[in-house]
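Observations on the three-dimensional arrangement
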Amino acid sequence: MINIELDPRIIQVCPQVQIGAIRAHVVNHPTPDGLWALIEERAEYVRHTYELLQVNERPAIAATRRLYKSLGKDPGRYRVASEQLCRRIIKGLGLYRLTSLIDITNLVSFTTGYAISGLDADKLVGDTLRMGVGEAGEPYCGIGRGPLNIEGLPVYRDAQGGVATPTSDEERTKFTPDTRTVQININAFAPEMPLEQAVEWTTQLLRQFADATQIETKIFSFSIPS
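One can describe the packing of helix H5 (residues 100-112) onto helix H6 (residues 195-210) by two numbers: an axis separation of 10 Å at closest approach and a directional angle of 155 degrees. As the angle between them shows, H5 and H6 are arranged roughly antiparallel. By crossing handedness, the relation of H5 to H6 is classed as right-handed. Residues Ser-100, Leu-101, Ile-104, Leu-107, Val-108, Thr-111 and Thr-112 of H5 form the contact with H6, whose participating residues are Ala-198, Trp-201, Thr-202, Leu-205, Leu-206, Phe-209 and Ala-210. A class-by-class count of the residues in the contact of H5 with H6 yields ten nonpolar, four polar and no charged.

Another point: the sheet that holds strand E2 (residues 18-25). Reading across the sheet, the four strands line up as E3-E9-E2-E10 and stay open at both edges, with antiparallel pairing between neighbours. Every other strand in the sheet has two partners, leaving strand E3 (115-120) and strand E10 (213-221) as the edge strands with one partner each. Each strand axis lies, on average, 15 degrees off the axis of its neighbour in the sheet, ignoring direction. Inspection of the sheet shows E2 paired to E10 by seven bridges, in the antiparallel sense. For Gly-20, the partnering residue across the bridge sits in E10 and is Ile-219.

Side chains three or four residues apart in an α-helix point the same way, a direct result of the helix having 3.6 residues per turn. Its 16 residues give H6 an end-to-end C-alpha distance of 21 Å, which sits within 8% of 22 Å, the value for a rise of 1.5 Å per residue. Turning to H6, its buried residues are Leu-195, Ala-198, Val-199, Trp-201, Thr-202, Thr-203, Leu-205, Leu-206, Phe-209 and Ala-210. Contacts made by the buried residues of H6 are with E2, helix H2 (33-49), H5, strand E9 (181-188) and E10. The first or second residue beyond H6 is Asp-211, which carries a positive phi of 50 degrees.

Another aspect to go through is the sheet that holds strand E7 (residues 154-157). With respect to topology, four strands assemble into an open sheet ordered E1-E4-E7-E8, the strand pairing being mixed. Only two strands of the sheet have a single neighbouring strand rather than two, namely strand E1 (3-6) and strand E8 (162-164). Neighbour-to-neighbour, the strand axes of the sheet open up by a mean angle of 35 degrees, direction not taken into account. The pairing of E7 with E8 spans two bridges and is classified as antiparallel. Bridge pairing in E8 links Tyr-156 to Ala-164.

As a further point, take the packing of aromatic side chains. Across all of its chains, the model carries zero aromatic pairs by this definition. Cation over ring: Lys-73 sits above Tyr-78, and NZ or CZ is 4.1 Å from the ring centre.

Now for H2. Here H2 contains 17 residues, and its C-alpha end-to-end distance of 24 Å stays within 8% of the 24 Å for a straight helix at 1.5 Å per residue. Among the residues making up H2, those that are buried are Leu-35, Trp-36, Leu-38, Ile-39, Ala-43 and Val-46. One side of H2 carries all its buried residues, which in axial view fall inside an arc of 155 degrees. Opposite its buried face, H2 presents the exposed residues Asp-33, Tyr-45 and His-48, each directed more than 90 degrees away. Tucked into the core, H2 has its buried residues touching helix H4 (81-91), H5 and H6.

Here we come to the side chain of Thr-99. Tracing the sequence through the fold places Thr-99 in the loop between H4 and H5. Here Thr-99 falls in the buried class, since its relative accessible area comes to 14%. With sequence-adjacent residues up to four places away left out, Thr-99 is seen in contact with Asn-28, His-29, Pro-30 and Thr-31.

Calculation notes
- Residues numbered from 1 in each chain as written.
- Predicted model: local features only at pLDDT ≥ 70, side-chain atom pairs only at ≥ 80, totals over all residues.
- Heavy atoms only, no water.
- Axes fitted to C-alpha atoms, helices over the stretch in contact; angles between N-to-C directions.
- Helix = DSSP H or I, 4+ residues; strand = E, 2+ residues; numbered from the N terminus.
- Parallel < 35°, antiparallel > 145°, perpendicular 65-115°, else oblique.
- Left-handed = near helix turned anticlockwise from the far one by under 90°.
- Contact = heavy atoms within 4.5 Å.
- Nonpolar A, V, L, I, M, F, W, Y, C, P; charged D, E, K, R; others polar.
- Pairing = 2+ DSSP bridges.
- Expected span 1.5 Å × (residues − 1).
- Buried < 20%, exposed > 50% of the residue type's maximum accessible area, 1.4 Å probe, protein only.
- Phe/Tyr/Trp six-rings, centres within 6.5 Å; stacked < 30°, edge-to-face > 60°.
- Lys NZ or Arg CZ within 6 Å of the ring centre and 35° of its normal.
- Arc of directions from axis to C-beta.

Structure representation (structure tokens):
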């Protein structure tokens, strides 16, 4: 299991923050009908449970938005990924059917409210991921977005540079059909679904729809260094 560290500035704003980490060997199939049916079922629940303006009040999303504001980032312009998914669902825009790994992380994200970092572990450099704060001019290519201004965003970095933010993961470490090892981080800046439950559900989905083996899980908790 990779080590995860957090910048004290993030812990100060979100003292309850925990990261649920999952590492596993997988096969990234085209999304099967069983997974897609589950996604549609959970999306229907979201659509009938939340009004558009209520999405920001979900505890996990609200906490991530507060973190953005505290770091000087506008959460209305740089929306949290789980919020983006919920808004698409409520607006009736639908979700894209992609691959098992992408759609599992999307399903868990919009169901739990947590922003999830889904990374191809074989493309990570080094043995530590550190979540810090994006700097002005820091290079970052968001998946499907191109260059993304991550100044003021919480950002995971490996030894080479940024790999994930709660708004968008980075092209360098994204899931592809060739992904064989995953590092999935469930970013709980405040509790919504119990994190242990979210981790267990994610591992079940990985077993069922991505042939996951050699699964490792860990929940990281943090305190401000004295």
